[in-house]
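Residue-level listing of the chains:
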Amino acid sequence: MNKATVLKEIIEQRRSIFPKDYTDTEISQEVIDEILHSATLAPNHKRTKPWRFKIFKGEEKAILASEMQAIYKASQPEQLFLEKKYNDIGFKINKANVVISIVVNFSGMVPEWEEIAATSMAVQNMYLSCTANNIGCYWSSPSIVNALKESLKIEENQKCLGLFYMGRLD
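Residues numbered from 1 in each chain as written. Predicted model: local features only at pLDDT ≥ 70, side-chain atom pairs only at ≥ 80, totals over all residues. Heavy atoms only, no water.

Looking up the protein chain in an unreviewed UniProt entry gives the name Nitroreductase, with the organism given as Chryseobacterium oncorhynchi. The record in UniProt for the protein chain states the following under Sequence similarities (unreviewed entry): "Belongs to the nitroreductase family." Quoted straight from UniProt, the Cofactor (unreviewed entry) entry for the protein chain says "FMN". (UniProt positions renumbered as here; feature names shortened; annotations may be inferred.)

This is the structure:
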């Protein structure tokens, strides 16, 4: 099979696959590194490399789940709080083998939209690498990620664009 055919197949197979469909099989660090390396190959104007990724596994991931649940609970008026949504936040993070925060760093060298576009292309490369490695993934961008500023150590010139969930598939 030629490269164009393989690439076309991977692009056509790329889907958002949610944590409920992930297995408990661990993703090796080698594959995680490959996925993140593919992200760094995204085009970016003036080579600003605006993406910033933080990997959450194991205990860090469990802490992230608890923090996200606490943020949701604190941000909802009592009459709008949904126990199911609260539980789903924890379930999705804990069911994923790896969660990666997606942060854009605004360099000031190019318009902000270009930095966001470059970061989005980096995430698309991650999607395609996950597909090629039979790893389910999806990019979630709930508004509560804005409250993660301190725990993600987000600087004034940065913004969290969401979380990237990954897990092995059957």
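Here the narrative resumes, following the displayed structure.
## Here's the deal with the pattern of salt bridges
Here the structure, examined in full by the defined rule, presents five salt bridges. D21 is paired through a salt bridge with K20; the nearest N and O atoms lie 3.2 Å apart. Classification of D21 by relative accessible area gives partly exposed; the value is 42%. Salt-bridge contacts for E60 lead to K54; the nearest nitrogen and oxygen are separated by 3.9 Å. (Salt bridge = Lys/Arg side-chain N within 4 Å of Asp/Glu carboxyl O. Buried < 20%, exposed > 50% of the residue type's maximum accessible area, 1.4 Å probe, protein only.)

## Quick notes on the pairing of strand 4 (residues 158-168)
For strand 4, the buried fraction is high: 10 of the 11 residues fall into the buried class. In the sheet, strand 2 (residues 98-105) pairs with strand 4 via eight bridges, with the strands oriented antiparallel. In the sheet register, V98 faces strand 4, and the bridge partner there is M166. Taken together, the six bridges between strand 3 (residues 135-140) and strand 4 define a ladder with antiparallel strand orientation. For W139, the partnering residue across the bridge sits in strand 4 and is F164. (Helix = DSSP H or I, 4+ residues; strand = E, 2+ residues; numbered from the N terminus. Pairing = 2+ DSSP bridges.)

## Concerning the packing of aromatic side chains
Scanning all chains against the criterion turns up five aromatic pairs. Between Y72 and F81, the ring centres sit 5.4 Å apart and the planes meet at 35°, which makes this aromatic pair tilted. Across this residue pair, the class does not change: Y72 and F81 are buried. Seen from their ring centres, Y127 and F164 are 5.4 Å apart, and the 85° between their planes marks the pair as edge-to-face. Here Y127, found in helix 5 (residues 112-132), pairs with F164, found in strand 4; they are 37 residues apart in sequence, far enough to count as distant. Overall, Y127 belongs to the buried group, its relative accessible area being 7%. The buried category is assigned to F164, whose relative accessible area is 0%. (Phe/Tyr/Trp six-rings, centres within 6.5 Å; stacked < 30°, edge-to-face > 60°.)

## So, the sheet that holds strand 4
What the four strands build is an open sheet, ordered 1-2-4-3; its pairing is antiparallel. Taken across any chain shown, the strands that pair with only one partner, and hence form the sheet edges, are strand 1 (51-56) and strand 3. Going from strand to strand, the sheet's axes swing by 25° on average, the running direction of each strand aside. Strands strand 1, strand 2, strand 3 and strand 4 of the sheet are contacted by helix 2 (residues 29-39), whose axis makes an angle of about 165° with strand 1. (Axes fitted to C-alpha atoms, helices over the stretch in contact; angles between N-to-C directions. Contact = heavy atoms within 4.5 Å.)

## Description of the side chain of R168
Within the element layout of this structure, R168 appears in strand 4. Although R168 is buried, it makes no salt bridge; E30 carries the closest opposite charge, 8.3 Å away. A polar side-chain atom of R168 sits 3.0 Å from the main-chain carbonyl oxygen of N133. Discounting chain neighbours no more than four positions away, the residues touching R168 are D21, Y22, T23, T25, E26, I27, V31, N133, N134 and I135. (Lys, Arg positive; Asp, Glu negative; His and termini not counted. Polar contact = N/O pair within 3.5 Å; in protein donor to acceptor, adjacent residues only side chain to side chain.)

## A closer look at helix 2
For an α-helix, 3.6 residues make a turn, and residues three or four places apart therefore share a direction. Among all positions of helix 2, only V31, I32, I35, L36, S38 and A39 are buried. Around the axis of helix 2, the buried residues are gathered within 155° of arc, so they sit on the same side. Buried-residue contacts for helix 2 involve strand 1, strand 2, helix 5, strand 3 and strand 4. (Arc of directions from axis to C-beta.)

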